[in-house]
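This is what each chain is made of:
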Amino acid sequence: MTEPARDRLRVVLADDERMVRTALRAILSAEPGLEVVGEAANGAEAVSVVRDLEPDVVLMDVRMPEIDGIRATEQILKGMARPPRIVVVTTFENDAYVYEALRAGASGFLLKRADADELVQAVQLVARTDSLLFPAAVRALAAEHARARPAAPPWVARLTGREHDTLRLMAEGLTNAEIAARLGVGPATVKTHVAGILSKTGARDRTQVVIAAYEAGLMNDRNGS
């Protein structure tokens, strides 16, 4: 039996600064489609709160006491059957800590200086499955911090030609509709290719596909710039 659709996206805020959490709550609570259901002041508390409340989206600070945002992200994603989307909230855009959080499974990141509209749009966008949050910024992080492997991982050889093309376009930040237009195929075909890519790479979402593509050496300088 499937669960009934929720009227609003449920959000948990994890940040060790109370003023930051208060500001985020005020912005998100003013949006009719969003509901802040819980807060956490450190990473350990974030893991507990998220497991108890099962939100749709978590806004996760990277640097927190007890357990940082990277470890908290790992524990949440590994410990829940239906984990939420996690957005890392950070002060610095080109940050190795942020990249490690993305590698751990976070679905995107948001700068603390983002305005209210960007914050709301980020939460709404990351809850969808066919869009990449701030694709240029994610690609820049991957190009800077990706740990290139000496040899391509085994999943690369298992990709079909169309899956390979689709993966590169996903890593460029294109949506399914944009990929369909670029490849001259139907949206349903793209969805099939995307499902195959996620399965073969072991990626949870499009952000992890970007990271997988860069770390496998599939994105050259032209595509990564």
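About the thresholds
- Residues numbered from 1 in each chain as written.
- Predicted model: local features only at pLDDT ≥ 70, side-chain atom pairs only at ≥ 80, totals over all residues.
- Heavy atoms only, no water.
- Helix = DSSP H or I, 4+ residues; strand = E, 2+ residues; numbered from the N terminus.
- Buried < 20%, exposed > 50% of the residue type's maximum accessible area, 1.4 Å probe, protein only.
- Areas by Shrake-Rupley, 256 points an atom, 1.4 Å probe, with all protein chains shown as cover.
- Polar contact = N/O pair within 3.5 Å; in protein donor to acceptor, adjacent residues only side chain to side chain.
- Contact = heavy atoms within 4.5 Å.
- Axes fitted to C-alpha atoms, helices over the stretch in contact; angles between N-to-C directions.
- Parallel < 35°, antiparallel > 145°, perpendicular 65-115°, else oblique.
- Nonpolar A, V, L, I, M, F, W, Y, C, P; charged D, E, K, R; others polar.
- Salt bridge = Lys/Arg side-chain N within 4 Å of Asp/Glu carboxyl O.
- Phe/Tyr/Trp six-rings, centres within 6.5 Å; stacked < 30°, edge-to-face > 60°.
- Lys NZ or Arg CZ within 6 Å of the ring centre and 35° of its normal.
- Pairing = 2+ DSSP bridges.

Concerning the overall build of the chain
So, point 1. Assigned secondary structure in the chain consists of twelve helices and five strands.
So, point 2. Taken along its principal axes, the extent of the C-alpha atoms in the chain is 50 × 40 × 35 Å.
So, point 3. Across the 225 residues that make up the chain, the buried fraction comes to 49%.
So, point 4. Only carbon and sulfur atoms are counted for the fraction: they give 50% of the accessible area of the chain, which is about 11000 Å².

Some remarks on unusual backbone geometry
Generally, phi is negative for residues other than glycine and the peptide bonds are trans, each holding for most cases.
So, point 1. The backbone phi angle of Glu-54 is positive, close to 50°, even though this residue is not glycine.
So, point 2. For Glu-54, the location among the structural elements is in the loop between helix H2 (43-53) and strand E3 (57-61).
So, point 3. Judged by its relative accessible area of 44%, Glu-54 falls in the partly exposed class.

Topic: the side chain of Arg-21
So, point 1. Within the element layout of this structure, Arg-21 appears in helix H1 (residues 18-29).
So, point 2. Side chain to side chain, Arg-21 and Glu-39 meet in a polar contact 2.9 Å long.
So, point 3. When near neighbours in sequence (up to four residues on either side) are disregarded, Arg-21 contacts Leu-13, Asp-15, Asp-16, Glu-39, Ala-40 and Ala-41.

Digging into the packing of helix H8 (residues 161-171) against helix H11 (residues 206-215)
When two helices pack together, you describe them by how their axes are tilted relative to each other and by the distance separating the axes.
So, point 1. Contact pair H8 / H11: the axes reach a minimum separation of 8 Å and the direction vectors enclose 110°. Looking at the two axes, H8 sits roughly perpendicular to H11. Along the contact surface, H8 presents Leu-167, Met-170 and Ala-171, while H11 presents Arg-206, Val-209, Val-210 and Ala-213.
So, point 2. A breakdown of the residues in the contact of H8 with H11 according to their chemical character gives six nonpolar, no polar and one charged.

A look at the pattern of salt bridges
So, point 1. In this structure the tally under the stated criterion is ten salt bridges.
So, point 2. Between Asp-61 and Lys-112 there is a salt bridge, with the nearest N and O atoms lying 3.5 Å from each other. Here the residue Asp-61 occupies a position in strand E3, and Lys-112 occupies one in the loop between strand E5 (108-111) and helix H5 (116-126), the gap between them amounting to 51 residues.
So, point 3. Assessed through its relative accessible area of 6%, Asp-61 is described here as buried.
So, point 4. For Arg-71, the salt bridge goes to Glu-74, with nearest N and O atoms at 2.9 Å. In this pair, Arg-71 and Glu-74 both sit in helix H3 (residues 69-79), three residues apart, roughly one turn of the helix.
So, point 5. Of the residues examined, Glu-74 reaches a relative accessible area of 26% and is grouped as partly exposed.
So, point 6. Within the structure, one salt-bridge network assembled from shared partners comprises Asp-15, Asp-61 and Lys-112.

A short note on the packing of aromatic side chains
To describe a pair of aromatic rings, you give the distance between the ring centres and the angle between the ring planes.
So, point 1. Enumeration over the complete set of coordinates arrives at zero aromatic pairs.
So, point 2. Lying across the ring of Tyr-97, Arg-63 places its NZ or CZ 4.3 Å from the centre.

Considerations on the sheet that holds strand E2 (residues 34-40)
Two pairing modes exist for strands in a sheet, parallel and antiparallel, and in both the strands are linked by backbone hydrogen bonds.
So, point 1. If you walk across this open sheet you meet the five strands as E2-E1-E3-E4-E5, and the pairing is parallel. Either end of the sheet is taken by a strand with one partner, and the two such strands are E2 and E5. Neighbour to neighbour, the strand axes of the sheet diverge by 25° on average, direction disregarded.
So, point 2. Examined bridge by bridge, strand E1 (residues 9-14) and E3 share four bridges and lie parallel to one another. Its bridge partner being in E3, Val-12 is matched across the sheet by Val-58.
So, point 3. Along the sheet, H5 makes contact with E1, E2, E3, strand E4 (85-90) and E5, crossing E3 at roughly 125°.

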